[in-house]
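Chain by chain, the residues run as shown.
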Amino acid sequence: FEAFGRWVGRIVPLAIRARWLVVLLSLGLVAATVALVPLGLIGSEYAPQEDDNQFSVNLNSPPGTSLAATDAASRQMEAVLTNMPEVLYVFTSVSGGGGGGFGRGGGRASMDVQVVPKQQRSRSVFDMLDAARSAGRRIPGVTVSGNVPSPLGGGGGFGRGRGFGGWGGSFG
C-alpha cells in the first residue's frame, strides 16, 4: 500500500503540470469507450435473444381478405409447424381486418409455438423460425414474419384462438 502511495505522490504533481495532457487523455478514453459499440467490440442488446423453447409466427393478409381465407392460410402454416419434429404444440389466433382509422384492413394470424427443450433437439428456435419463414413464402396471399419472445416478457393477444398439437383438440 505504501508503494502505491509513493507512486501517486509522484504522478499527481506531473498531472498538475500537464493538465492539458490529462484532459486529452480523458477525452480520448471517453471517445474510445463510446466507439466500442459501433465498432462491434461489445454488444448493444439490453436483453439478447435467447432460445427459451418457443417462437412466434405471424401471417398478414392484404385488405379485403376474408377471415376464412386468412384462417385457411394459417392452417397451411400450422401444418408446416406441426410437421417439425421439435414442435410440441402451436396456439393460433386468427382475426379479420380491423377497419376504421387505425386498422390495417387485412387479416392476421399469430401462432405461438412451443418446442421440446434444447437438450432434446438439434436445431435452435432461430433455425426453426427461419424454416417457417421459408415455408411461408409458398403460402399465397400472406406475408410471413416471426420472432423469438424477449426474455423480459410482455405481450398480449387478439382474435379467436385455436390450439392443437401435443395438447390436442380445438379451442375455437
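See the structure printed just above.
Keep in mind it's a predicted model, so treat the numbers as computed, not measured.

### Some remarks on the overall build of the protein
Scanning the protein from N- to C-terminus turns up four helices and five strands. Helices and strands appear in the protein in the N-to-C order α-α-β-α-β-β-α-β-β. Taking all 172 residues of the protein together, 27% fall into the buried category. Restricting to contacts in the protein with at least 6 residues of sequence separation, those with at least 24 account for 71%. Total accessible area computed for the protein in this model is approximately 11,000 Å², and 61% of it derives from carbon and sulfur atoms.

### A closer look at the nonpolar core
In this structure, Phe55, Val57, Leu59, Met77, Leu81 and Met111 are the most contacted members of the largest nonpolar core, which totals 21 residues. Elements with a contribution of two residues or more to this core: β1 (54-63), α3 (67-82), β2 (87-95), β3 (106-115) and α4 (125-136). Those residues within four positions of Leu81 in sequence are excluded, and the remaining contacts are Phe55, Val57, Val87, Val90, Met111, Val113 and Ala132.

### A few points about the pattern of salt bridges
For the structure shown, the criterion picks out four salt bridges. With its nearest N and O atoms 3.1 Å apart, the salt bridge here joins Arg75 to Asp71. Of this pair, Arg75 and Asp71 are both found in helix α3, four residues apart, which corresponds to roughly one turn of the helix. Residue classification places Arg75 among the partly exposed residues on the basis of a relative accessible area of 43%. For the salt bridge of Arg133 with Asp130, the shortest nitrogen-to-oxygen distance reads 3.1 Å. One end of the pair, Arg133, and the other, Asp130, are both in helix α4, three residues apart, so they sit about a helical turn from each other.

### Some details on the environment of Pro117
By the secondary structure assignment, Pro117 is in the loop between β3 and α4. Residues Pro117 and Asp51, 66 residues apart in the sequence, show an inter-C-alpha distance of 9.3 Å.

### Some details on unusual backbone geometry
Most peptide bonds are trans, and most residues other than glycine sit at a negative phi. Even without being a glycine, Asn53 presents a positive backbone phi close to 65 degrees. Inspection of the secondary structure assignment puts Asn53 in the loop between α2 (19-35) and β1.

### Looking at the side chain of Ser61
Along the chain, Ser61 falls in strand β1. A distance of 3.1 Å separates a polar atom in the side chain of Ser61 from a polar atom in the side chain of Thr70. Beyond its immediate sequence surroundings of up to four residues, Ser61 is in contact with Thr70, Gly106, Gly107, Gly141 and Val142.

### Quick notes on the pairing of β3
In terms of burial, β3 is largely enclosed, as eight of its 10 residues are buried. Across eight bridges, β2 lies against β3 in antiparallel orientation. Bridging from a neighbouring strand, Ser95 pairs with Arg108 of β3.

### Focus: the environment of Val57
Within the secondary structure layout, Val57 lies in strand β1. Remark: the alpha-carbon pair of Val57 and Asp112, spanning 55 residues in sequence, is separated by 6.7 Å. In this view, Val57 contacts Met77, Leu81, Ala109, Ser110, Met111, Leu129, Ala132, Val144, Ser145 and Gly146; residues no more than four positions away in its chain are not counted.

### With respect to α4
Taking 1.5 Å as the rise per residue, α4 with 12 residues should run 16 Å; its terminal C-alpha atoms sit 16 Å apart, in good agreement. Residues Val125, Met128, Leu129, Ala132, Ala135 and Gly136 constitute the buried set of α4. In an axial view of α4, the angular spread of the buried residues amounts to 120 degrees, which keeps them on one side of the axis.

Calculation notes
- Residues numbered from 1 in each chain as written.
- Predicted model: local features only at pLDDT ≥ 70, side-chain atom pairs only at ≥ 80, totals over all residues.
- Heavy atoms only, no water.
- Helix = DSSP H or I, 4+ residues; strand = E, 2+ residues; numbered from the N terminus.
- Buried < 20%, exposed > 50% of the residue type's maximum accessible area, 1.4 Å probe, protein only.
- Contact = heavy atoms within 4.5 Å.
- Areas by Shrake-Rupley, 256 points an atom, 1.4 Å probe, with all protein chains shown as cover.
- Core = buried A, V, L, I, M, F, W, Y, C linked by side-chain atoms within 4.5 Å.
- Salt bridge = Lys/Arg side-chain N within 4 Å of Asp/Glu carboxyl O.
- Polar contact = N/O pair within 3.5 Å; in protein donor to acceptor, adjacent residues only side chain to side chain.
- Pairing = 2+ DSSP bridges.
- Expected span 1.5 Å × (residues − 1).
- Arc of directions from axis to C-beta.

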